[in-house]
Amino acid sequence: MTAITFEPVKEHIGSLVHVDKARLCEPEVVQAIRDAMEQRGVLVFPELHLTDAEQLAFTDAFGQRLNYTSAAIEDSTKRDEATDVYKIALGKGATLAPEFVYATWFWHTDGVTVDQPLPKATMLSARKLSPTGGQTEFANTFAAWAQLPKAEQAAIAELKVIHRLEAAMRHVFREIPEDRLARFRQAPEMVVPLVWTQPDGRQSLVLGSHADEVIGMSYVAGRSLIERLIEWAAQPEFSYSHDWREGDFVIWNNHGVMHRVVPYDEESGRNMHRTSIMGDLRLGRPRTATAAA
C-alpha cells in the first residue's frame, strides 16, 4: 500500500496530501513531501490534527527548525517561555505584538527583512478558526516569473530591491508611532534581487509588502513596478486560497511562494501554530554591507 499520495489542487500550485499521521516522519515519506513541495509550492494535509510535539517531530525530520520571530513577542518575560511552536493569535492572551499579525494580512514572504538565509519552508496548523475570514492565500512566484512576457523578463532580470520592515508596517498604521518606528528601523534594510535564480536553475520573483524601493529607479516608478508584479503573481492562475478547517496542516516553499491572510474577527480566538525550516541560501545582504562591498 502506498504510504502517501498527492492530489493536485490547481495547475500551477497546491496539492492535497493523503498520509497516515503515524507514518509522517518515515524517511521515504519525508522525502516525498520535500519533493512535492518543490514542485507544487503548497501542500495541504486535511484535518491531520497534529499536536505540538508531532508538529515539531515532523519539522525536525524535514529540516533544521528555526524560530526567527521570537523578538517580536511584546512582553519580554514571555520570550523565555516561547517555544519553537509559534502561536499566531490576536486579542486576549496573544503574545505577539499585534502589528506583526496584522502585517500578515498583506502579501509577504517570510523572513526577507532578517539578515540570515531565507527560511526554506513554513508549516502551519489550524487550532482554532474564526467564523468568518481567516483564509490563507498563496501565490507561486516561480510560475509568475515563468509566465511573464520575455521582454518584461529581460527588463527586470537584473534589478535589486530594498526590503524594509518599516514598509510592511506602513500598511498597518495610519501613522506609525515614533517608538514603533524606531523599533522597526532596527531591522536591517535588505538588498535583494527581484528575480532570484536558485541552485537548480529555477527563478522566482521576490515580492511582498516589505519590498519598498527598486535600486536605479525613481521611488514612484519602483513602487509601481512592485505593485504590478504582486498583482501579476496573485492572479488566479498562479494562486490558491485555502479555506481552513480545524486540524488542517499546511506547508509551503518560502523560496517560491508568497502568502497573506484574509482579515478576520480579532476577538474570534483564531489560533494557528507555526514552525519554520531554516534555509541554506542567502537571498540578500544588509544595505550597509552592500554599500561597503
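Residues numbered from 1 in each chain as written. Predicted model: local features only at pLDDT ≥ 70, side-chain atom pairs only at ≥ 80, totals over all residues. Heavy atoms only, no water.

Trainee: Outline the packing of aromatic side chains, listing residues and values.
Mentor: Considering all chains together, one arrives at ten aromatic pairs under this definition. Taking 6.2 Å as the distance between ring centres and 90° as the angle between the ring planes, the aromatic pair formed by Phe-100 and Phe-184 counts as edge-to-face. With Phe-100 in helix H4 (residues 98–102) and Phe-184 in helix H8 (residues 178–184), this pair connects stretches of sequence that are 84 residues apart. Of the aromatic side chains, those joined through ring pairs into one cluster are Phe-45, Phe-58, Phe-62 and Phe-249. It is Arg-34 that lies over the ring of Phe-62; its NZ or CZ is 5.5 Å from the centre. For Arg-270, the ring lying beneath its charged end belongs to Tyr-264, and the centroid distance is 4.6 Å. (Phe/Tyr/Trp six-rings, centres within 6.5 Å; stacked < 30°, edge-to-face > 60°. Helix = DSSP H or I, 4+ residues; strand = E, 2+ residues; numbered from the N terminus. Lys NZ or Arg CZ within 6 Å of the ring centre and 35° of its normal.)

Trainee: Can you lay out helix H2 (residues 52–62) for me, pointing to particular residues and giving the numbers?
Mentor: Within the span of H2, buried status applies to Gln-55, Leu-56, Phe-58, Thr-59 and Phe-62. The arc enclosing the buried residues of H2, seen along the axis, measures out at 165°, which places them on a common side. Where H2 is buried, its residues touch helix H1 (27–40), strand S4 (65–66), strand S6 (121–128), strand S14 (249–253) and strand S16 (271–277). (Buried < 20%, exposed > 50% of the residue type's maximum accessible area, 1.4 Å probe, protein only. Arc of directions from axis to C-beta. Contact = heavy atoms within 4.5 Å.)

Trainee: Lay out the sheet that holds strand S8 (residues 160–163) with the relevant residues and their values.
Mentor: Pairing in this open sheet of four strands is antiparallel, and the strands run S12-S8-S9-S17 from one edge to the other. Here the strands that pair on one side only, and so sit at the sheet edges, are strand S12 (211–214) and strand S17 (285–286). Bridge count for S8 against S12 is three bridges, and the pairing is antiparallel. Across the sheet, His-163 pairs through a bridge with Ala-211, a residue of S12. (Pairing = 2+ DSSP bridges.)

Trainee: Please give an account of unusual backbone geometry that cites residues and values.
Mentor: The residue Glu-47 is not glycine, and still its phi comes out positive at about 45°. Inspection of the secondary structure assignment puts Glu-47 in the loop between strand S3 (42–45) and H2. The partly exposed category is assigned to Glu-47, whose relative accessible area is 41%. Notably, His-49 is not glycine yet its phi reads approximately 55°, a positive angle. Tracing the sequence through the fold places His-49 in the loop between S3 and H2. Residue His-49 is classed as partly exposed on the basis of its relative accessible area, which comes to 45%.

Trainee: Report on the sheet that holds strand S7 (residues 136–140), specifying residues and quantitative values.
Mentor: Sheets are built from strands paired through backbone hydrogen bonds, the pairs being either parallel or antiparallel. The antiparallel open sheet is built from three strands, whose spatial order is S13-S7-S15. The sheet is open, and its two borders are formed by strand S13 (239–242) and strand S15 (257–261), each paired with just one other strand. Strand-to-strand twist of the sheet, defined as the mean angle between neighbouring strand axes without regard to direction, takes the value 20°. Relative to S13, S7 runs antiparallel, the two being bridged by four bridges. Looking at S13, one finds that Thr-136 is bridged to His-242. (Axes fitted to C-alpha atoms, helices over the stretch in contact; angles between N-to-C directions.)

Trainee: An account of the pairing of strand S1 (residues 4–8) is needed here, citing residue identities and associated values.
Mentor: Looking at chain direction, S1 and strand S2 (residues 15–19) are connected through five bridges and run antiparallel. In the strand pairing of S2, Ile-4 is matched with Val-19. Hairpin connection, S1 to S2: the antiparallel pair is bridged by six residues, and Gly-14 has positive phi, about 90°.

Trainee: Provide a residue-level description of the nonpolar core, including the pertinent values.
Mentor: Formed by 28 residues in total, the largest nonpolar core has its most connected members in Val-42, Phe-100, Phe-138, Met-169, Val-250 and Trp-252. For this core, the elements supplying multiple residues, two or more each, are S3, strand S5 (86–89), H4, S6, helix H7 (165–169), H8, S14 and S15. With near-sequence residues (within four places) excluded, Val-42 lies in contact with Ile-13, Gly-14, Ser-15, Phe-138, Tyr-240, Val-250, Ile-251, Trp-252 and Val-257. Membership of the second largest hydrophobic core comes to 22 residues, among which are Ala-143, Leu-159, Ala-233 and Met-258. (Core = buried A, V, L, I, M, F, W, Y, C linked by side-chain atoms within 4.5 Å.)

Trainee: So what about the packing of H1 against H2? Which residues, and what values?
Mentor: One can describe the packing of H1 onto H2 by two numbers: an axis separation of 10 Å at closest approach and a directional angle of 75°. The angle between H1 and H2 places the two elements in the roughly perpendicular class. Contact with H1, carried on its side by Val-30, Ile-33, Arg-34 and Met-37, involves Phe-58, Ala-61 and Phe-62 of H2 and no other residues of that element. Considering only residue class, the contact of H1 with H2 consists of six nonpolar, no polar and one charged. (Parallel < 35°, antiparallel > 145°, perpendicular 65-115°, else oblique. Nonpolar A, V, L, I, M, F, W, Y, C, P; charged D, E, K, R; others polar.)

Trainee: Go over the confidence of the model for the protein chain with me, naming the residues and quoting the values.
Mentor: Per-residue pLDDT for the protein chain averages 92, and the proportion of residues at 70 or more is 92%. Considering only residues more than four positions removed or in separate chains, one finds that residues 71–82, a stretch of pLDDT under 50, has 22 contacts. Predicted confidence for residues 289–293 stays below pLDDT 50, and this span has two contacts to residues more than four positions away or in other chains. (pLDDT = per-residue confidence, 0-100.)

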